[in-house]
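# Structural characterization, general
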Amino acid sequence: MSERPVHELIKELERVLVQLSDKVRQNFFNALHAVKHQDELSARQIRQVDDEIDMAEVNLEERCLAFLALQQPVARDLRTIVTIIKINDDLERIGDLAVHIIDRMPEISPDMLVSFDFENMGVCAGEMVKMAIQAFISKDRTIADQVCALDEEIDVMHRTVFKKVTLLMKSPDSHVDQLIAALSISRYIERMADHATKIAREVIYLVTGEIVRHKGDFYGNLINSINT
Amino acid sequence: MLMTTDGLENTPTAFIQKSTRDIYLPPARKKISGGGTPHIVAREFSVYYGQFEAVKKVSADIFSKYVTSIIGPSGCGKSTFLRSINRMNDLIPSCHTTGALLFDNVDIYGKYTDEVLLRKKVGMVFQKPNPFPKSIFDNITYGPRLHGITNKKILSEIVERSLKKAALWDEVCDRLDKNALGLSGGQQQRLCVARTLAVEPEVLLLDEPTSALDPKATAKIEDLIQELRGSYTIMIVTHNMQQASRVSDYTMFFYEGVLVEQAPTAQLFTNPKDPMTEDYITGRFS
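Predicted, not measured: the structure shown is a model, and the values here were computed from it.

### Some remarks on the overall build of chain A
- Along the backbone of chain A there are eight helices and zero strands.
- The linear arrangement of helices and strands in chain A, starting from the amino end, is α-α-α-α-α-α-α-α.
- Relative to its length of 228 residues, chain A is compact, with a C-alpha radius of gyration of 19 Å against a globular reference of 17 Å.
- Principal-axis analysis of the C-alpha atoms gives chain A an extent of 70 × 45 × 25 Å.
- Put simply, chain A has 228 residues, and 39% of those count as buried.

This is how it looks when you write it as structure tokens:
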């Protein structure tokens, strides 16, 4: 059976979302790279791309709202559009985080950055976003569960940074401003992972119709089951 | 899985046995006082036209004072099922039924069931408004007169009460003696609802009541259904799925005579359990 125009339209909205996610993820990586190399030119480009992301986010939301008003979808079509709107919002916020990282650039030296493993942390968080979007594309709950479980790893990395910053601040010759900037960057990456987890949870809703936010120790149990 | 819905004080604990699993059916909207118990019960209920089984072994509970919509493609048996509740199908010579269909725990097709009394308790409104070519007053009082009420004062009270319930009183109170055929289509349909309410039924069967009406008249009928919800058990057959989702607490999906799925409307339209229901309501049916 060939797809009806209404379902083609949903697929088109999905495609736009995936393209936006690629752009957001790339901009985030570029932000980490620009900070590492103190690259002012890249920093400007990152801000420009974020403006494009903002416009794309508004455009996609408008298209989704028009779809809701005109097509009045139900069941998985409704869940798909609602999920696209929510993921769209998460992606825009990840885009903002890239700019926040750039904002910290003047406050932190490359030497200080090297002492923290932000590159690895950023790659892990970026991979979570990639997996969450893959889960959305393939409507795969298993991948979404994996993303949720990975969030704890990023949290551990962030806590490690926090402990290290706390320790270094106790030193009399510490660069407090730089350490606070480093802690902020760690938090931005950790928040990116949180958004990836949120996307994964939206995918679980899309696939099962079940809202799994605020479900007690659901993910604690999930992590334990994966670890054991 | 037990589901709860916002705004509920309590949830009826009615279970329907379908296949091998139990389905818990909480009301989809605000709880109705005294509602939630099965008013009409079907068990392995089939309707035949000659050899053709139009409704196939349907088992379902229709909850008291809630609105239940029936959706499905043309020829799926939804109207046949609806019409069988007040034995309208008796008019078709080749029609016969098997299984059980109970109204207030009484077998609708029982040997000693009084069809006239049944139809007084189970009123019906049809797709096309069908007022009698009489005055508005006479249309409303037709049923009560048939049931022996002749006192003019009582009849006048019935007319006013029924028209008010049908949200038509304000529009026609000054022309009750005028011919009902002079009303607009939407007014005629509400008059038919008022005529049904005049004999104080417990159940209202609505067979595509708005399919011949414009959006404004449709909205009035839908508002009326919401007004009557809580006072009557209402069943509505509709091809308009947005209408089903707007007005009903529960929805039944029929396909080829089979009750595929029955669930709280909010659940059925956001997360149907059966792939056939999903395909139908999302327009993926081949």
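More follows now that the structure is in view.
### Concerning the packing of helix 5 (residues 118–138) of chain A against helix 7 (residues 176–208) of chain A
Residues and elements named next belong to chain A.
- Between helix 5 and helix 7, the shortest axis-to-axis distance is 9 Å and the interhelical angle comes to 15°. With respect to their mutual orientation, helix 5 and helix 7 come out roughly parallel. Considering the relative orientation of helix 5 and helix 7, their crossing is left-handed. Contacts between helix 5 and helix 7 pair Phe118, Met121, Gly122, Ala125, Met128, Val129, Ala132, Ala135 and Phe136 from the former with Ile185, Ser186, Ile189, Met192, Ala193, Ala196, Ile199, Ala200 and Val203 from the latter.
- Considering only residue class, the contact of helix 5 with helix 7 consists of 16 nonpolar, two polar and no charged.

### Focus: the nonpolar core
- Ranked by internal contacts, the top residues of the largest apolar core, which has 72 residues, are Ala194, Leu205 and Ile234 of chain B.
- If one sorts the elements of this core by residue count, strand 4 (residues 52–63) of chain B sits on top with six residues.
- In contact with Leu205 of chain B, other than residues within four places in its own chain, are Leu82, Ile85, Asn86, Val122, Gly123, Met124 and Met235 of chain B.
- Listed in part, the 61 residues of the second largest apolar core include Leu17, Ala34, Ala98 and Met157 of chain A.

### Section: helix 1 (residues 5–37) of chain A
Residues and elements named next belong to chain A.
- End to end, helix 1 covers 48 Å across 33 residues, agreeing with the expected 48 Å (1.5 Å per residue, within 8%).
- Buried within helix 1 are the following residues: Ile10, Leu17, Leu20, Ser21, Val24, Arg25, Asn27, Phe28, Ala31, Leu32, Ala34 and Val35.
- At the C-terminal side of helix 1, Gln38 shows a positive phi close to 50°.

### Quick look at unusual backbone geometry
- Backbone geometry at Gln38 of chain A places phi at a positive 50°, although glycine is not the residue there.
- Mapped onto the fold, Gln38 of chain A is located in the loop between helix 1 and helix 2 (40–71).

### Here's the deal with the sheet that holds strand 5 (residues 67–71) of chain B
All names here are of chain B.
- Strand order in this open sheet of six strands is 8-9-10-5-11-12, and the pairing throughout is mixed. Strands at the two margins of the open sheet, each flanked by one partner only, are strand 8 (122–125) and strand 12 (258–264). Sheet twist, expressed as the average angle between the axes of neighbouring strands with direction ignored, equals 20°.
- Alignment of strand 5 against strand 11 (residues 250–255), held across four bridges, turns out to be parallel. Its bridge partner lying in strand 11, Ser69 is registered against Thr251.

Rules and cut-offs
Residues numbered from 1 in each chain as written. Chains lettered and ligands numbered in written order. Predicted model: local features only at pLDDT ≥ 70, side-chain atom pairs only at ≥ 80, totals over all residues. Helix = DSSP H or I, 4+ residues; strand = E, 2+ residues; numbered from the N terminus. Rg over C-alpha atoms; globule rule 2.2 N^0.38 Å. Buried ≥ 20, exposed ≤ 12 C-beta atoms within 10 Å, placed from the backbone. Axes fitted to C-alpha atoms, helices over the stretch in contact; angles between N-to-C directions. Parallel < 35°, antiparallel > 145°, perpendicular 65-115°, else oblique. Left-handed = near helix turned anticlockwise from the far one by under 90°. Contact = placed C-beta atoms within 7 Å. Nonpolar A, V, L, I, M, F, W, Y, C, P; charged D, E, K, R; others polar. Core = buried A, V, L, I, M, F, W, Y, C linked by C-beta atoms within 7 Å. Expected span 1.5 Å × (residues − 1). Pairing = 2+ DSSP bridges.

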